[in-house]
Amino acid sequence: MAYNPPPLSLEELQMFIRKVWTFMRSITGEGNRQTLNAAQELIPELEIIEVPTGTEIWDWVVPKEWIFKEAKILDNRGKVIIDSKIHNLHVVNYSQPINKILSLNELQNNLFSLPDKPDTIPYRTSYYDKSWGFCIQDEVRRRLVPGDYRVIIDSDFIDGSMTVGQIYIPGEVKSEVLFSTYICHPMMANNELSGLAIALGIASYIRSKKNYYSYRIIFYPETLGSLYFLSKNLEYLKSNLIAGYVLTCLGDDLAWNYMPSRTGITLSDKIAKRTLEQLGIKYELNSFLDRGSDERQYCSPKVDLPVSSVMRSKYGSYPEYHTSKDDLTFISKKGLHGSYEYYKKLIQGFENHRIPRAELFGEPMLSKRNLRSTIGGGTLTSKEQLISNVLAYADGTNDTFEMAKMFNVNIHEVESIVDLLISYKLIRVV
Amino acid sequence: MAYNPPPLSLEELQMFIRKVWTFMRSITGEGNRQTLNAAQELIPELEIIEVPTGTEIWDWVVPKEWIFKEAKILDNRGKVIIDSKIHNLHVVNYSQPINKILSLNELQNNLFSLPDKPDTIPYRTSYYDKSWGFCIQDEVRRRLVPGDYRVIIDSDFIDGSMTVGQIYIPGEVKSEVLFSTYICHPMMANNELSGLAIALGIASYIRSKKNYYSYRIIFYPETLGSLYFLSKNLEYLKSNLIAGYVLTCLGDDLAWNYMPSRTGITLSDKIAKRTLEQLGIKYELNSFLDRGSDERQYCSPKVDLPVSSVMRSKYGSYPEYHTSKDDLTFISKKGLHGSYEYYKKLIQGFENHRIPRAELFGEPMLSKRNLRSTIGGGTLTSKEQLISNVLAYADGTNDTFEMAKMFNVNIHEVESIVDLLISYKLIRVV
Amino acid sequence: MAYNPPPLSLEELQMFIRKVWTFMRSITGEGNRQTLNAAQELIPELEIIEVPTGTEIWDWVVPKEWIFKEAKILDNRGKVIIDSKIHNLHVVNYSQPINKILSLNELQNNLFSLPDKPDTIPYRTSYYDKSWGFCIQDEVRRRLVPGDYRVIIDSDFIDGSMTVGQIYIPGEVKSEVLFSTYICHPMMANNELSGLAIALGIASYIRSKKNYYSYRIIFYPETLGSLYFLSKNLEYLKSNLIAGYVLTCLGDDLAWNYMPSRTGITLSDKIAKRTLEQLGIKYELNSFLDRGSDERQYCSPKVDLPVSSVMRSKYGSYPEYHTSKDDLTFISKKGLHGSYEYYKKLIQGFENHRIPRAELFGEPMLSKRNLRSTIGGGTLTSKEQLISNVLAYADGTNDTFEMAKMFNVNIHEVESIVDLLISYKLIRVV
């Protein structure tokens, strides 16, 4: 593992978003492969895995792979009035093939639009039911005149696979922090590509330095992907996952939202909130009742992993969510920058989350190690005092962040004393 | 077990109280048998058990059975001036036989009266000491003139038994809720018969429907009876009793009192308080220091069962307590009605106290069970949302009541979703 | 063990302080032996133990014994200008021998003084580094004129021992309370001899009566002594030590300070704070960050014993600390009296800290033991009520102090009921 490349710049992340914007992502298919290949160009350590059609995942099964070419509706004069080439959202994801003339009445049953947002295209899927459909602006729908329409969806379903990606960056210990993002939403910026971009940024940041903890960044379709990941690794994660975060909705600069884990009291929650406080960020504390992304799987009762999420405008709560308005103009450089900086600081928080434990019984003799003056009776220097305090509180319950707060000193001072005392074998990290 | 008979009406409970009013109850004897027989007429499932004289019960022993015929005092002209036929309380319970002429001075040692309540007859017992006595109004006592009095108590002590009763109504599970009332106070209405009547009402209510939990309603003399019950069943109760209530002082409409268990944090306390809150009842929270009935045994340190009590005017605190003024006019239809409704609601609270636990790992696939629309990307219906929430919080810590509160929906909605998900084997109740 | 001698009087404690004032205490040496011998004259049960030079104590080792005769500085006219006979603090403790003429410049490197306290002699040691030095008043130092000075330190280092003392007073049970004081500061009154005197007073008080708990009072050099004690006894202490106190700074009447254990939630803390409250003492609650005496060892992470400290003017915080101004005029009879009374009350607090547990299931039958009237139905006497309450709360969680508070009665009433019920085998102490 080379630690040389510097972290990706914000510009590189934005370029990546623009590059993959038009790929037709779904829970399977070529769009996902294209997206992961583009990611791999930035982080070659990214592994791409194919999970075959038919693979059983607990209560679920990997469906046939969706081969999509195009979807369009022509009016009775042969004019293309709806075209998936204009916007990926126009076709209901996983639509069956069709090539047929339908009356407007017949067609209506397979049209989706939002009367209260007449100029937006909604996002709809039909992964597990043999169906087809078009998503269109309600104002377009209202202008459709009675008559015949030719409906063409050129798609196919094959025994293929679900494509998933993972970057694993080992640290000194096997204990790991997970970052989980998803690759299944076609042409949505905040609720898909912002998470993907920040995930790549995080990976590049972690890769650029030596780490105490191991880190895993995964790129899976929502729900089915995270279930696959969990079903394969639950036992390992139960032993080694100390915290995880769902990376989603990280591109705008309008808000900060914190979605706790189901219990709200895991290490994931602790470090997420601590980092928000350190950065002086005002945020909305959401209820787990308003969960919406893969924390639904990570925090489900029998899985019960310590996973939370810090995001910007929260899925389900901003008007552009799950529509064509969640586009490249909705996210901003400033928004991505804030999210990137937040998660870098959070990773530093984990690296600082070392809980020292004393190795010797009683106070060690410090003067023989030149860690204290040989003349007794006077006042300790502040460094001697800090050494003494770190040793006294190295009882396996306080991490260095908490020590810094307790001792009213900078975290870096505590970190350097901890490193010093580790080098003398007077403490170890638990 | 037939579930057909409807719950007893308030009128039937009142009729029962009037019927058994004059029976000479004690810790043993014919009055107790008459009382339990009358109860058995209403609830044939009631079993009557005889515990022989001499039976050892931990630190105690069942005494000889008291055969009581009559007790009276005649003045020197042969006029009956005190007569147990007028009021059962006139004779000290468990009095030895006597037939003797005594001077007023000699007689005074065996008279009990209440100078501060001159028109009431007190209640006194002497179960374990060979003694005799009369309880009279202090105003009557003050009018006694010096001279000779013939004292007649026609009683006997035989190797008989302590008579106790029990109704056990099995539910789906062995886990049970106990209702404990007592049958040892002669001619007292609130502090005896109200509890007995409500116990019968509760039994008839439970019997009228299918239940998840099992229920046990016991009719034992106070102290010695509950000690017998505990000494026989402690191990079983430790494993199966989830909560219990002492039914006492439930006939008046002047107050509501809650007597916590010794720790105050058992399931018995939780459901008792929850039910009071649900019904909007203002109540007095008593200290366990002011305990007075069989919670003294149920909550004693080595027994330590989860038993509390919700009552109306509390034993020991209303002026009529343990006197002839605790009569049929002290209790009221309104009072009995409120108590009956309270305990019915409490039983519903237990039936709703189901703690679901998810059966599958991760979120189940709901659409294949027609529990969710096959079209994804839109908003969930409120039922779909509720299904999702019940599954997410089915972690073995939340009961349906708490879920309803958390989800801000009616308990019945949660209950029906729980039943639905149980039928799909997606959750089970722990 | 004779229980006859009455506790030492305040005058005897003061006499002891004056007697040992001039002995040259250190971490080893004759001064310590003289001090312990004087203590043994007051409490013959005090054992004196010699721990040989070279004994390994965890990270430490017992150094050579310091044989000190005298230390002086003469000016170029042969006049003695600094003399350890004037004040023990003049010589740096554990100074190497020297007899040499030095220029003022050379001498300065080995002089210690306090510019901001020009009329005081500081206290300095050099136990583990081969060094020598003189501690002088800064005003004296400033008057030294350039020129030659003869420096004489007549000392030696031999394979001897560290001398330590212990008084162990067994009670009914092996569970013990520790009082730890130190014997290593030459000529300091509050920060040495006050603790020693109160320790002897405590020992004489405990010895004068029968006790439920065992008590151990130890007299060891600070740090190295307590580490020796711990290294020898840690396993035993982990099983049997219920609480401990460092006795230090107990001679003045200017303040009360409480130094909690590291966690602040041990039985030591509970009884210390309870006793302060009982006596209505206003005190300063210190942070464990400001620890300074042997709690540093007792509460170190891998030792982790329940040890706290109640003191008067706290080490490190009063201006006279670790200087010649911490002399016999700094402490007072009133100060010693208050400290002595505090610790006597604290010991009573431990003796009252009995947690009763019921022996029988359910309520015992009290009337057959003449602990309750045989006539039932009336009101209990306050003694009957108290018996009933002690039995009901004898669940192994409440000590007699807490019971007294809960029942709103005097602790002595609870104690006498507990003794009564123990005599009837109705409860035992856990």
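A. Representation of the relation of the copies chain B and chain A. Each copy superposes on the other: chain B lies on chain A with an RMSD of 0.1 Å after a rotation of 120° and an axial shift of 0.1 Å. What the superposition gives is, in effect, a three-fold axis relating one chain to the other. Considering only C-alpha atoms, the part of chain B nearest the rotation axis is I265 of chain B, at 13 Å.

B. The arrangement of the interface of chain B and chain A in detail. Counting residues at the interface gives 26 residues for chain B, matched by 24 residues for chain A. Across the contact surface, chain B and chain A share four salt bridges. Ionic pairing is found between D59 of chain A and R369 of chain B, a salt bridge with its closest N-O pair at 2.7 Å. Scanning the region where chain B abuts chain A turns up 14 residue pairs in polar contact (both at pLDDT 80 or more). Taken together, the residues of the side of chain B that touches chain A sort by class into twelve nonpolar, nine polar and five charged.

C. Expanded view of the packing of aromatic side chains. Across all of its chains, the model carries 66 aromatic pairs over all chains by this definition. Between the aromatic rings of F288 of chain B and Y393 of chain C, the centroid separation amounts to 6.0 Å while the plane-to-plane angle is 75°, which identifies the pairing as edge-to-face. Residue F288 of chain B is found in the loop between β15 (284-285) and α8 (295-298), and its partner Y393 of chain C is found in helix α10 (residues 382-393); the two belong to separate chains. A relative accessible area of 4% places F288 of chain B in the buried class. Plain terms: the ring middles of Y318 of chain B and F330 of chain B are 4.9 Å apart, the flat faces sit at 10° to each other, and that makes the pair stacked.

D. Region of the structure containing empty space enclosed by the protein. Residues and elements named next belong to chain B. This structure, assessed with the given rule, holds four cavities of 30 Å³ or more. Forming the boundary of the largest cavity are 17 residues, of which G362, E363, P364, L391 and A392 lie nearest the centre. Here the lining of the largest cavity gets three residues from one element, more than from any other, and that element is helix α10 (residues 382-393). For the lining of the largest cavity, the class distribution of residues is ten nonpolar, three polar and four charged.

E. Looking closely at helix α11 (residues 400-407) of chain A. Residues and elements named next belong to chain A. Looking at α11, one finds that the buried residues are T400, F401, M403, A404 and F407. Down the axis, α11 shows its buried residues gathered within 160° of arc, on one side only. Against α7 (267-278), α9 (333-352), β17 (356-358), α10 (382-393) and α12 (411-423) lie the buried residues of α11. Near the N-terminus of α11, the side chain that reaches the backbone nitrogen of F401, with its oxygen 3.1 Å away, is that of D399. Where α11 ends, the next residue or the one after it, N408, has phi of about 55°, a positive value.

F. How the structure looks around the interface of chain A and chain C. Taken together, the contact pairs 26 residues of chain A with 24 residues of chain C. Summed over both partners, the interface of chain A with chain C comes to about 2,200 Å²; 55% of that surface belongs to carbon and sulfur atoms. Summed over the three residues of chain A that lose the most area to chain C, namely F361, E363 and M365 of chain A, the buried surface amounts to 32% of that side. D59 of chain C is the partner of K368 of chain A in a salt bridge, and the nearest nitrogen-oxygen pair spans 3.2 Å. Counting across the interface, chain A meets chain C through 14 residue pairs in polar contact (both at pLDDT 80 or more).

G. Seen up close, the sheet that holds strand β6 (residues 98-103) of chain C. Residue and element names in this part refer to chain C. The strand order across the open sheet built from four strands is β5-β4-β9-β6, with neighbouring strands paired in antiparallel fashion. The sheet is open, and its two borders are formed by β5 (80-83) and β6, each paired with just one other strand. Strand-to-strand, the axes of this sheet are offset by a mean angle of 20°, without reference to chain direction. Summarising the sheet, strand β4 (residues 65-74) and β5 pair through three bridges and their orientation is antiparallel. Bridge pairing in β5 links K72 to D83.

H. Region of interest: unusual backbone geometry. Even without being glycine, C249 of chain A reaches a positive phi, approximately 55°. Secondary-structure assignment places C249 of chain A in the loop between β13 (241-246) and β14 (257-259). Residue D304 of chain B is not a glycine yet carries a positive backbone phi of 55°. Its place among the elements puts D304 of chain B in the loop between α8 and β16 (307-311).

I. Here's a closer look at the pattern of salt bridges. Within this structure, the stated rule accounts for 82 salt bridges over all chains. K333 of chain C serves as the salt-bridge partner of E11 of chain C, at 2.5 Å between the closest nitrogen and oxygen. Of this pair, E11 of chain C sits in helix α1 (residues 10-20) while K333 of chain C sits in helix α9 (residues 333-352), and the two are 322 residues apart along the sequence. Judged by relative accessible area, which is 37%, E11 of chain C ranks as partly exposed. On the basis of relative accessible area, K333 of chain C is assigned to the partly exposed category, the value being 40%. The shortest N-O distance in the salt bridge between K270 of chain C and E402 of chain C comes to 2.8 Å. Linking K270 of chain C in helix α7 (residues 267-278) with E402 of chain C in helix α11 (residues 400-407), this pair joins segments that are 132 residues apart in sequence. Connected through salt bridges with shared partners, the residues E30, R33, E50 and E65 of chain A form a single ionic network.

J. The pairing of strand β9 (residues 148-158) of chain C, seen in detail. Residue and element names in this part refer to chain C. Across nine bridges, β4 lies against β9 in antiparallel orientation. The residue bridging E65 from the neighbouring strand is I158, located in β9. Bridge analysis of β6 against β9 gives six bridges, and the strand direction is antiparallel. The residue of β9 that forms the bridge with S103 is D148.

K. Spatial organisation of the sheet that holds strand β15 (residues 284-285) of chain A. Residues and elements named next belong to chain A. Taken in spatial order, the eight strands make up an open sheet running β1-β10-β12-β11-β13-β16-β14-β15, and their pairing is mixed. The outermost strands of the open sheet, each flanked by one partner alone, are β1 (47-52) and β15. Pairing geometry for β14 and strand β16 (residues 307-311), over three bridges, is antiparallel. Bridge pairing in β16 links Y258 to V310. Of the strands in this sheet, β1, β10 (161-169), β11 (176-182), β12 (214-220) and β13 touch helix α6 (residues 224-240), which is tilted by about 165° from β12.

L. Just the environment of F179 of chain B, in detail. Residue and element names in this part refer to chain B. Within the fold, F179 resides in strand β11 (residues 176-182). For the pair F179 and Y343, spaced 164 residues apart in sequence, the C-alpha separation works out to 9.9 Å. Beyond its immediate stretch of four places on either side in the chain, F179 contacts I202, I206, Y215, R216, I217, I218, Y245, L247, Y343, L346 and I347.

Criteria and thresholds
- Residues numbered from 1 in each chain as written.
- Chains lettered and ligands numbered in written order.
- Predicted model: local features only at pLDDT ≥ 70, side-chain atom pairs only at ≥ 80, totals over all residues.
- Heavy atoms only, no water.
- Least-squares fit on C-alpha atoms with pLDDT ≥ 70 in both.
- Contact = heavy atoms within 4.5 Å.
- Salt bridge = Lys/Arg side-chain N within 4 Å of Asp/Glu carboxyl O.
- Polar contact = N/O pair within 3.5 Å; in protein donor to acceptor, adjacent residues only side chain to side chain.
- Nonpolar A, V, L, I, M, F, W, Y, C, P; charged D, E, K, R; others polar.
- Phe/Tyr/Trp six-rings, centres within 6.5 Å; stacked < 30°, edge-to-face > 60°.
- Helix = DSSP H or I, 4+ residues; strand = E, 2+ residues; numbered from the N terminus.
- Buried < 20%, exposed > 50% of the residue type's maximum accessible area, 1.4 Å probe, protein only.
- 1 Å grid on protein atoms, 1.4 Å probe; cavity = no way out; pocket = protein on both sides within 12 Å on 5 of 7 lines; lining within 4 Å.
- Points joined across faces, edges and corners; volume = space filled by probe spheres on them.
- Arc of directions from axis to C-beta.
- Buried area = accessible area lost by both parts, 1.4 Å probe.
- Pairing = 2+ DSSP bridges.
- Axes fitted to C-alpha atoms, helices over the stretch in contact; angles between N-to-C directions.

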